[in-house]
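Okay, here's what each chain looks like letter by letter:
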Amino acid sequence: MKRYFYMSLLAFIAFVAVTAQEVEYEEYDLDNGLHVILHQDNTAPVITTAVMYHVGGKDRTEGRTGFAHFFEHLLFEGTENIETGSWREIVSSRGGIFNANTSQDRTYYYVILPSNNLQLGLWMESERMLHPIIDQKGVDTQQEVVKEEKRLRVDNSPYGQLLTVLGKSLFKVHPYKDPNIGYMEDLDAATLEDVIAYNKKYYVPNNAVLIVAGDIDITETKKMVSDYFADIPRGEDVVRNYPKETPITAEEEVTTYDPNIQIPLGGIAYRIPGFRDRDAYVLNMISTYLSDGKSSKLYKKIVDEQKQGLQVGAINLDQEDYGMYLVYALPVGETSLDVLVSEMEEEISKVRSELISENDYQKLQNKFENNFVSSNSSIEGITNSLARNYLLYGDTELINKEIDIYRSITREEIQAVANKYLNTNQRVILNYLPKENIDN
Amino acid sequence: MKKLYFTITIALMAITLNAQVDRSVTPQPGPAPEINLNDPERFELPNGLKVLVVENHKLPRVSIQLTLDNPPVAEGDKAGVSILTGSLLGNGSKTISKDDFNEEVDFLGARINFGFQSAFASSLSKYFPRILELMADAAINPNFTQEEFDKEKAKLITALKSEEKDVSAIASRVQNALAYGVNHPNGEFATEETVNNVTMADIERFYRELFVPTNAYLVVIGDVKIDEVKELVSKNFDDWVKASPPSLGYSDPLDVQYTQINFVDVPNAVQSEVTVENLVNLKMKDEDYLSAKITNFILGGASVSRLEQNLREDKAFTYYSRSRLGDNKYGATTFKAFTSVRNIVTDSAIVELLREIDKIITDPISEEELEIAKSVYVGSFVLALEKPSTIARYALNIETEGLPADFYKTYLERINAITVEDVQKAAQKYFQIKNARIVVAGKGSDVIESLEKIPFNGRMLPVNYYDKYAKAVEKPKYDIVLPEGVNVQSVLDAYFEAIGGKTAVDKIQSLKLVYEGSAMGSSIKTEEKRTADKYVQTTFMNDAPMMGVIAKGDELFMKQGGNKVPLPPEMQQDMKSTIGIFPEQGIALSNKAKLTGTEDVDGKAAYKIEVPGSTVKATYFYDVESGLKVKEATVITMNGQSQNQEVNYKDYQEVDGIKFPSVRVGSMGPQMIETKLLEAVINVEVSEEDFN
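Cut-offs used in this document
- Residues numbered from 1 in each chain as written.
- Chains lettered and ligands numbered in written order.
- Predicted model: local features only at pLDDT ≥ 70, side-chain atom pairs only at ≥ 80, totals over all residues.
- Helix = DSSP H or I, 4+ residues; strand = E, 2+ residues; numbered from the N terminus.
- Buried ≥ 20, exposed ≤ 12 C-beta atoms within 10 Å, placed from the backbone.
- Contact = placed C-beta atoms within 7 Å.
- Axes fitted to C-alpha atoms, helices over the stretch in contact; angles between N-to-C directions.
- Parallel < 35°, antiparallel > 145°, perpendicular 65-115°, else oblique.
- Nonpolar A, V, L, I, M, F, W, Y, C, P; charged D, E, K, R; others polar.
- Domains from an automatic or database assignment.
- Core = buried A, V, L, I, M, F, W, Y, C linked by C-beta atoms within 7 Å.

Draft legend 1. Fine view of the overall build of chain A. The helix and strand inventory of chain A stands at 16 helices and eleven strands. Viewed in the frame of its principal axes, chain A has a C-alpha envelope of about 65 × 65 × 40 Å. Per-residue burial for chain A yields a buried fraction of 51% across its 440 residues. A separation threshold of at least 6 residues defines the contact pool for chain A, and within that pool the share at least 24 residues apart is 79%.

Rendered as structure tokens:
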């Protein structure tokens, strides 16, 4: 019964092509270098306007870490035509929601509004790009807010320092070595002059992409985009020339303490290529193979059968210049981190030494197909993908083609990539331990 | 006037058709978009399972949600049985082993998850028949084994351990336990002990009694056809035996008699979790449901709301502050206003939370605030239409909450009808300023003292202490473990030694220190002159004297422009002990100073000397290693308001044989201001003039 089922299923998959709907869009450049992408979907009376700037935590000078994220806060303060502190109120009073987030590589602002407010969304984003008000008062207030955010998300939060430790361990010279949120002393040290110069350098139309998606009319929208964005002056070209890391060739071990945890975390970290590299896609597949789903290798062995781990995971923390690849586990009971590390390594070494099974390969393909369909399920998701694909991956069409990359990856390639990046002499062993005996 | 301007703008636009848009005018919304609310398809099986289907063919995928809408049950000394039942469900069925089940779900690229009263599955629509079959089989014929039970138990205990230091987990556990009582389903919590009490038989009984179809709803959304769903659901769920869950009553919890602080000591906390809470009775079908929700929104429902505007945007105490007003068709739920703030402003945050709650109860809100709140509700209603799950959720609410069938069709109309008076009525009904609990989880050694001094309605807020499991305890004592022989005197001696030696210090007759920095675009300079019994400090902004403080003999006054303002005598008394060339000389002479332990300053251990006072409380920190003073923290309490000031001292540098900090970093309101030593003059000439 069982066997019969599998066989028919495999046959079925072989003959059914994916039917994921194509995401249609139109893209063009304004004269000032702003790239514009429009996606029309009139199902619900909702629009999203979003701007992604190619500036992130890594774009800073020494001693001024955390600037991009700090800026994300500052750029909600106000503009020459939007009174300071009224940003939230304006969006809310039209029933919209907005947010922004900053990674090491980019900053993303978006607002979702009922579709009769398209013009408002474009006006606000263009105001932010053209003439934000950056003054000492805003700097002072947001410095404190960001520091509270750091306390909340990093200092007071269990495993909150994990990313910081990974960055520090895997990078010596590239800006990825410092945390995206920055160091307290650098945040304190930011002066108004620094901040204004930063704005001038990075928040320019030629370093950004504008997405308008949802219940729009293409012709009308193009006109509005031109009305609000065409007169924003072009900035200097942004040049990035960050130091290159020399490859890790001998195993390192890092131990760190977190006062907010009770259960340690054992990790194996690797430095891998940036997300545009084909190998990064292959590594995504390896993560899924190792730890996604209850039948995945690491979960099944460490959590389920051997009961050594409470949780296990393999993640590609992908970034533009280099990625951070982490395989980790949280022990159950008395299991030592050493044991966890050798159990994890055993599975990783199998990926290096053997081809994964045909059945597992097909499973991976099915999972990526499912993820691909789901990633285009909301306008918000489509907007983010369009922006990222254009600005960071250099190919908007990936929104429809990304699945082809995964389809073209072979079992042999998976093995080859594991051999290229996931060797024991290329790894950093991470002991992330509870901190005991605090004062009082 | 405004209208006129507007007409002119329009006229101009008409003439110069291609002119640029006028950026100074906020674009107005276009005509309101049309709203379509379709009803999902609905059918019911003979065993009572109700099925809602929303067809949506945009993407080739489907989701299936099973919800059991059963009344809450208390688990008592076996708390955790529900969590364990949830973890044991979805491990295959009586006929499919766990491994085969997991392998197949993964192979299809699908997901199936179970809770103890729910299940969820999603997949590409081409696998819908099989995923539905697997989910139904796992739900109706669960595969409970002793081996899995032992494993899940061990995992749950480890997970509970992992939360032992998690400030927010501790805070929310204590909030609920105190609000409802630990015997109430909403107030109880699992511990290692209660989890150990659970047996395999308990799991089976719990499942048998509660996992029944009477109150069950199955919601199918996606690329499916209603006829196919009818056929497949009948086929897979008909075997589910008809039964109803037990119905148990619980005594209603009560609010506290008077507003009080309930403190939980969490020594590792770098932020305090502060929550003001009271019980409420609110159901979706209540007449004032929407106005109650709008009221909570105005207070703290979002970032535009009052709490966040005050505590984040205005005071910069926190990253967020919100409030939540629950609703529950079965009885009591809570209203909570909460924030996470840095330790030093814990007391101020409480004051602000109470102030905001009191204000919305006492004063009518403005029309503008109401309009914004309504817009947000209208907007989020419209925005939600993007998701096919919304239609299903609305239909489910109508059934489970006993709402009129047109609840959502008249939603916008009813939102728009809410008045300022409705909001005030709701605030008075649902927010209890006089019977509130203020649950604080934070670092006791840093915050307790200031918590005991929060005035409220003419007296101090009482503070009760609880442990991490909501049990009442004595006020914690902070044992000071200090090396033998270390006391106030030895710390001060070490300090004098570090800055140049007692002999050299004693030779100084007078001292002038000038520090300079910038804030808010202006240069800030402070000049300090000290003799053995006199003190003057003047602050200059852009070289103009802004404010001065002068102390001599029994006088203490502030100087602003030409005016002298005497400060209260209590303050003068408090300041007395810090007069001297170095405040340490005064501290050494006074008998009020206490060495209260050590604390990290910038990552290094420092001795902490406290000098108490009725209005001014000062704490001095001396680096254990170097002996140098690294920080001063002052709390000034006047007219029921407290103000905190902190100064950190860095990079000592020698001037004429005495070391002075070359950098001072001080707090001024929410801002930190760094000033640098410009001038240090020993035995400078001072005259009586200087102190007038």
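Draft legend 2. Up close: the packing of helix H10 (residues 289–301) of chain B against helix H16 (residues 420–430) of chain B. Residues and elements named next belong to chain B. Following both chains from N to C, one finds H10 and H16 inclined at 85°, their axes separated by 8 Å at the closest point. Judged by the angle between their axes, H10 and H16 are roughly perpendicular. In contact with Ser291, Ala292, Ile294, Thr295 and Ile298 of H10, H16 contributes Asp422, Val423, Ala426, Ala427 and Tyr430. Split into classes, the residues belonging to the contact of H10 with H16 amount to seven nonpolar, two polar and one charged.

Draft legend 3. Up close: unusual backbone geometry. Residue and element names in this part refer to chain B. Unlike most non-glycine residues, alanine 316 shows phi in positive territory, near 55°. Its location among the elements puts alanine 316 in the loop between helix H11 (306–314) and strand E9 (318–325). Even without glycine at this site, alanine 470 takes up a positive phi of about 70°. Of note, alanine 470 is situated in the loop between strand E14 (463–466) and strand E15 (472–473).

Draft legend 4. Representation of the domain arrangement of chain A. All names here are of chain A. Looking at the assigned domains, one finds that chain A contains domain 1 (26–229) and domain 2 (252–434). Taken together, the contact pairs 33 residues of domain 1 with 29 residues of domain 2. No other element matches helix H6 (residues 162–170), which puts five residues into the side of domain 1 that touches domain 2.

Draft legend 5. Structural view of the interface of chain B and chain A. Counting residues at the interface gives 73 residues for chain B, matched by 71 residues for chain A. Examining the composition of the side of chain B that touches chain A, we find that nine residues originate from one element, helix H13 (residues 367–384) of chain B, more than from any other. Here the side of chain B that touches chain A is composed, by residue class, of 32 nonpolar, 21 polar and 20 charged.

Draft legend 6. Local environment of the nonpolar core. Leu210 of chain A together with Ala441 of chain B are the most contacted members of the largest nonpolar core, which totals 137 residues. Top element by residues in this core is helix H6 (residues 167–180) of chain B. It accounts for eight residues. In this structure, alanine 441 of chain B is in contact with Val167, Ile170, Ala171, Val174, Val264, Val266, Ala269, Ser272 and Glu273 of chain B, ignoring residues within four places of it in sequence. Residues Leu89, Leu132, Phe211 and Ile391 of chain B belong to the second largest nonpolar core, which totals 56 residues.

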